[in-house]
Amino acid sequence: MSEPAGIVPQRALIVLPTTGEFDSRTYRIASALVARGHEVTVLARQGPGLPAAEDHPAGYRIVRVPVSAVDGLPLPGWARRGIERLRARRRAARPAAASSAASSATAAAASTGLVTSPARGRLGRLIGGLLRIAAIVLTVRSQRRAALASVRAAGLGPDLVHGMAYMGIPVALELGRATGAKVVYDARDIYLEAANLARLPRPARALLARVERRWARRADRVLTVNRPYAEVMAARFGVPLPAIVMNCSYRYLPPDPPARRFHERLGLDPASRVVLYQGGFSRERGIEQLLEAIGLVPSAVLVLLGYGPLQAELEARAADPASGGRVRVLPAVPPSELLDWVAAADVVAMPIQPTTLNHRLTTPNKLFEALAAGVPVVASDLPGMAGIVAETGCGLLVDPTDPAALAAALRAILDAPAADRRAWRERALAAAHATYNWERQAAVLLDEYTKLTGRRW
């Protein structure tokens, strides 16, 4: 990315509702700003085993604050601390035998398929929805309080606060109000149409929608990751069309021939082909369908690289002798290393399920990471992804709900002649270098920042 004259060093504060160590978008934004001489602090949440503060190799600082729903209760500090101590004692007193039995039950269920939650009645769903809203409100309140205290203690005076996601923007707005900084809402999903929020009872969703709309209108600018999302948000929030900053990767030159990272790490047979799923381990991402499909793809191993709520179940599935070693699970890697791993796969699979509007319109990080690494994809034939896959010729589209069709698409790529596989690689790299790269997207982001602060970023 070329650096135009007239850049004025400024301070950016990026607010995350997560621990931040695997957030690729934050890494790309922060590293791009640091490279141009700006000071960047990422304000995230504390997590087990993570330092309260650390300096990232890319040159920005990560500060993590303690966050919990209990801490968000409108009670005196001594009362909140007492409740936290009580909860800690109760967790420590749980019988080990019961925990072991629960783990065994989970493993047994996972050996035959992923565990599903029991059905709940309408009243149960309503109560669950209200409890979830309460937890969101209290957790946001907790992070807002801790973040404000941390910023004041450090004497930070940001020029711009970048709030990530619907639980990051209320914290960003509070920091913007306290410091006078401009505030950006980075709405990376259509949150009320995604994951568990999409399944809340209608009254609960309507309440959250009104709250998010108010947050979006209070922000100085709304960003999102693709045109379909932007159009939905403009209509629902009543704001100008959000700026589109796609989740593309930096330009990258993968090794040729590809490295054998997965074979070396997992001790795979040299003849094994690697089908990679990387990202969040959660439902409706197509993991269940891939687990069924991989048995129909000879000499192939499904590698699941990531983390999330399904991790224990997936590890149990991989350890089950019935899987025949065809499923392997690896922990997530830092964003700065991810493309090296993706480039070692033979094909990247992303059969995201068409269960929500958010999924149907998504353009996931993993699509652009596969392009950057020059690896062909098997992707869901859904409006968000289909156009990019067809335009670039980087892979095959498939009905993501059909494991047999998914297996056929994987075989078509893995069994293709070497010349066809090289052509897929070259088309993917050409698209990534010309169009779908972070250097181009960062230019859009920097222009938006410049409009907000009146000084060149």
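Just so you know, these numbers come straight off a predicted model, no measurement behind them.

**Description of the packing of helix α1 (residues 24-35) against helix α17 (residues 438-453)**
- Orientation of α1 relative to α17, taken along the N-to-C sense of each, is 75°, at an axis distance of 11 Å. Regarding the angle of α1 to α17, the classification is roughly perpendicular. For the pair α1 and α17, the contacting residues are Arg28, Ile29, Ala32 and Leu33 in the first and Trp438, Ala442, Leu445, Leu446 and Tyr449 in the second.
- Among the residues forming the contact of α1 with α17, the class breakdown is 8 nonpolar, no polar and 1 charged.

**So, helix α6 (residues 202-218)**
- Spanning 17 residues, α6 covers 24 Å between terminal C-alpha atoms, matching the ideal 24 Å at 1.5 Å per step.
- Buried within α6 are the following residues: Ala204, Leu208, Val211, Glu212, Trp215 and Ala216. An end-on view of α6 places all buried positions within 140° of arc, on one side of the element. Within α6, the exposed residues directed more than 90 degrees away from the buried face are Arg202, Pro203 and Arg217.

**Thoughts on the pattern of salt bridges**
- Counted by the stated rule, this structure contains 20 salt bridges.
- The residue Glu39 makes a salt bridge to Arg11 at a minimum N-O spacing of 3.5 Å. In this pair, Glu39 is assigned in strand β2 (residues 39-45) and Arg11 in strand β1 (residues 11-15), connecting sequence segments 28 residues apart.
- Here the salt bridges share partners, and the residues they tie into one network are Glu193, Arg205 and Arg236.

**Some remarks on the nonpolar core**
- Among the nonpolar cores identified, the biggest contains 44 residues, and Leu43, Val161, Tyr166, Ile169, Leu175, Tyr185 and Tyr191 are the most heavily contacted of them.
- Counting only elements with at least two residues in this core, the list comes to β1, β4 (61-65), α4 (122-154), α5 (169-179), β6 (182-186), α6 and α7 (227-237).
- With 7 residues, α4 is the single largest residue contributor to this core.
- Filtering out sequence-adjacent residues up to four positions away, Val161 remains in contact with Leu13, Val15, Ala172, Leu175, Gly176, Ala181, Lys182, Val183 and Val184.
- Formed by 40 residues, the second largest nonpolar core is a distinct cluster that contains Leu266, Val274, Val342 and Ala343.

**Looking at the layout of surface pockets**
- By volume, the second largest pocket is sized at about 280 Å³.
- In this structure, the second largest pocket is lined by 17 residues; those nearest its centre are Pro258, Ala345, Asp346, Arg421 and Arg425.
- For the lining of the second largest pocket, the element with the most residues is helix α16 (residues 418-434), which contributes 3 residues.
- Residues that form the lining of the second largest pocket fall into these classes: 9 nonpolar, 2 polar and 6 charged.

**Digging into empty space enclosed by the protein**
- Counted under the stated rule, the structure contains 1 cavity of 30 Å³ or more.
- Taken as a whole, the largest cavity encloses approximately 60 Å³ of empty space.
- Taken together, Arg11, Ala12, Leu13, Glu39, Thr41, Leu156, Gly157 and Pro158 make up the full set of residues lining the largest cavity.
- By residue number, the principal contributor to the lining of the largest cavity is β1, which donates 3 residues.
- Here the residues of the lining of the largest cavity sort into 4 nonpolar, 2 polar and 2 charged.

**Quick word on the pairing of β6**
- By the criterion of burial, β6 is predominantly enclosed, with 4 of the 5 residues buried.
- Pairing geometry for strand β5 (residues 160-164) and β6, over 5 bridges, is parallel. Among the inter-strand pairings, Val161 is bridged to a residue of β6, identified as Val183.
- For the crossover from β5 across α5 to β6, the handedness is right-handed.
- Remark: the β6/α6/strand β7 (residues 221-224) crossover connection has right-handed handedness.

**A look at the confidence of the model for the protein**
- Averaged over the protein, the pLDDT score is 90; the fraction of residues at 70 or greater is 89%.
- Below pLDDT 50 for its whole length, residues 95-119 participates in 20 contacts with residues either more than four positions away or in separate chains.

**Looking at the packing of aromatic side chains**
- What the rule picks out here adds up to 6 aromatic pairs.
- Aromatic side chains Phe22 and Tyr307 sit 5.2 Å apart centroid to centroid with 45° between the ring planes, which places their arrangement in the tilted category. Of this pair, Phe22 sits in the loop between β1 and α1 while Tyr307 sits in strand β10 (residues 300-307), placing them 285 residues apart in sequence.
- Owing to a relative accessible area of 29%, Phe22 belongs among the partly exposed residues under this scheme.
- You can call Tyr307 partly exposed: its relative accessible area is 45%.
- Between Tyr449 and Trp457, the ring centres sit 5.0 Å apart and the planes meet at 65°, which makes this aromatic pair edge-to-face.
- Using a relative accessible area of 1% as the deciding quantity, one classes Tyr449 as buried.
- On the basis of relative accessible area, Trp457 is assigned to the buried category, the value being 0%.
- Looking at Arg28, its charged tip hangs above the ring of Trp438, at a distance of 5.9 Å from the centre.
- The side chain of Arg261 reaches across the aromatic face of Trp341, ending 5.1 Å from its centre.

**Digging into helix α13 (residues 365-373)**
- When you tally the buried positions in α13, you get 8 out of 9 residues, the bulk of the element.
- Positive phi shows up at Gly374, right after α13, with a value of about 70°.

**Topic: the pairing of strand β9 (residues 273-280)**
- Within β9, 6 of the 8 residues are buried, which leaves it mostly tucked inside the rest of the structure.
- Sheet analysis places β9 next to β10, joined by 8 bridges and oriented parallel. Bridging from a neighbouring strand, Leu276 pairs with Val303 of β10.
- Two strands pair when backbone bridges link them, and β9 and strand β12 (residues 347-350) are joined in this way by 2 bridges, in the parallel orientation.

**Let's talk about the sheet that holds β10**
- Taken together, 6 strands build an open sheet; the order of strands is β11-β10-β9-β12-β13-β14 and the sheet is parallel. Here the strands that pair on one side only, and so sit at the sheet edges, are β11 (327-331) and β14 (395-398). Shown here is a sheet whose adjacent strand axes are inclined to one another by a mean of 25°, direction ignored.
- With 4 bridges connecting them, strand β13 (residues 377-380) and β14 associate as parallel partners. Its bridge partner being in β14, Val377 is matched across the sheet by Gly395.

Conventions we followed
- Residues numbered from 1 in each chain as written.
- Predicted model: local features only at pLDDT ≥ 70, side-chain atom pairs only at ≥ 80, totals over all residues.
- Heavy atoms only, no water.
- Axes fitted to C-alpha atoms, helices over the stretch in contact; angles between N-to-C directions.
- Helix = DSSP H or I, 4+ residues; strand = E, 2+ residues; numbered from the N terminus.
- Parallel < 35°, antiparallel > 145°, perpendicular 65-115°, else oblique.
- Contact = heavy atoms within 4.5 Å.
- Nonpolar A, V, L, I, M, F, W, Y, C, P; charged D, E, K, R; others polar.
- Expected span 1.5 Å × (residues − 1).
- Buried < 20%, exposed > 50% of the residue type's maximum accessible area, 1.4 Å probe, protein only.
- Arc of directions from axis to C-beta.
- Salt bridge = Lys/Arg side-chain N within 4 Å of Asp/Glu carboxyl O.
- Core = buried A, V, L, I, M, F, W, Y, C linked by side-chain atoms within 4.5 Å.
- 1 Å grid on protein atoms, 1.4 Å probe; cavity = no way out; pocket = protein on both sides within 12 Å on 5 of 7 lines; lining within 4 Å.
- Points joined across faces, edges and corners; volume = space filled by probe spheres on them.
- Pairing = 2+ DSSP bridges.
- Right-handed = clockwise from strand over helix to strand, strands pointing away.
- pLDDT = per-residue confidence, 0-100.
- Phe/Tyr/Trp six-rings, centres within 6.5 Å; stacked < 30°, edge-to-face > 60°.
- Lys NZ or Arg CZ within 6 Å of the ring centre and 35° of its normal.

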